[in-house]
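Working through the structure, step by step
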Amino acid sequence: MIPHYWQTAKQQLAAADPVLGGLIAGYPDQVLASRGEPFVTLARSIVGQQISVKAADSVWARFSATVGTVQPEAVLTLGEAGLQGCGLSRRKIEYMVDLARHFTAGQLGEADWPQLDDAAIIARLTDIRGIGRWTAEMFLIFNLLRPDVLPVDDIGLQKAVWRHYFAGEKQELRQLRSLAARWAPWRTVATWYLWHSLDPVPVAY
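This one's a predicted model, so the numbers in the text were calculated from it and none came from an experiment. (Residues numbered from 1 in each chain as written. Predicted model: local features only at pLDDT ≥ 70, side-chain atom pairs only at ≥ 80, totals over all residues. Heavy atoms only, no water.)

Points about the confidence of the model for the protein
Counting all residues, the mean pLDDT for the protein is 92, and 98% of those residues have values of 70 or more. Least confident of the elements in the protein is helix α3 (residues 38-47), whose mean pLDDT is 91; most confident is helix α1 (residues 6-16), at 97. (pLDDT = per-residue confidence, 0-100. Helix = DSSP H or I, 4+ residues; strand = E, 2+ residues; numbered from the N terminus.)

Observations concerning the packing of aromatic side chains
Under the counting rule described, the total for this entry stands at 10 aromatic pairs. Here W6 and W192 contribute two aromatic rings whose centre-to-centre distance is 5.4 Å and whose plane-to-plane angle is 85 degrees, an arrangement assigned as edge-to-face. A residue pair is termed long-range when its members are at least 10 positions apart, and W6 in helix α1 and W192 in helix α11 (residues 187-198) qualify at 186 residues. Judged by relative accessible area, W6 falls into the buried class, the value being 3%. (Phe/Tyr/Trp six-rings, centres within 6.5 Å; stacked < 30°, edge-to-face > 60°. Buried < 20%, exposed > 50% of the residue type's maximum accessible area, 1.4 Å probe, protein only.)

Considering the environment of A14
Looking at the element boundaries, A14 is found in helix α1. Spatially, the C-alpha atom of A14 lies 13 Å from that of Y27, the residues being 13 residues apart in sequence. When residues no more than four places from it in sequence are discounted, the contact partners of A14 are G21 and I24. (Contact = heavy atoms within 4.5 Å.)

Examining the environment of I2
For I2, the position within the fold is in the segment before α1. By relative accessible area, I2 is classed as exposed at 53%. Put simply, I2 and A105 are 103 residues apart on the chain and 29 Å apart in space, counted from C-alpha to C-alpha.

Remarks on unusual backbone geometry
In this chain, A184 is followed by P185 through a cis amide linkage whose omega measures 5 degrees. Note that P185 resides in the loop between α10 (173-180) and α11. The backbone of L145 sits at a positive phi, close to 55 degrees, despite the residue not being glycine. The residue L145 is located in the loop between α8 (133-142) and α9 (155-165) in this model. Judged by its relative accessible area of 7%, L145 is buried. One non-glycine residue with positive phi stands out, namely A167, at about 55 degrees. As for its position among the elements, A167 is in the loop between α9 and α10.

Some details on helix α6 (residues 90-104)
One turn of the α-helix equals 3.6 residues, which is why residues spaced by three or four share an orientation. Along its 15 residues, α6 runs 21 Å from first to last C-alpha, staying within 8% of the 21 Å computed at 1.5 Å per residue. A large share of α6 lies buried, amounting to 11 of its 15 residues. Within the sequence span of α6, burial applies to K92, I93, E94, Y95, M96, V97, D98, L99, A100, H102 and F103. Looking at the packing, one finds that the buried side of α6 touches α3, α4 (53-67) and α5 (72-82). Directly beyond the C-terminal end of α6, a positive phi value near 70 degrees is found at G106. (Expected span 1.5 Å × (residues − 1).)

Here's what the structure looks like:
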């Protein structure tokens, strides 16, 4: 699934921000796509916490090989002991098992998600151990394809903004928020292209 708003967002962002316009023009055929599996998206986000995209891909491959089909039931069958040696830290193994328990118990109320705004979904997800605001924002972007998410705590987004707008000089996060105001209501799309400018492999969770 790809966002229905992508072309409109590209056109409006390019018109509003020449820097983004240049980045968008550089990747004419790339687009954000949803994996469609909520558990997989959240599991990949847990794997990717505080490590590089390349490292996360490597760990995910080991985790997937250990679990087989990445589903909550498979994770719970293995349990924490069965996940040892899969590349995840002990803490992330605990998070993964707790996430699987929430899904199998039906505690997340997935049927309600389309009617909930971003803040409500973030609040619901961050009740799960190991899922903070960043992970919830990755879910909004990569699973629900919400159009106006700005993950200001994401290191990759920060690096890209400092590089393209401030000649590599770090700034306070309020500067990022102020700059990003011009990207609304398409801050997800702007973020995706800024990520892409750092790494030719599309970011995906």
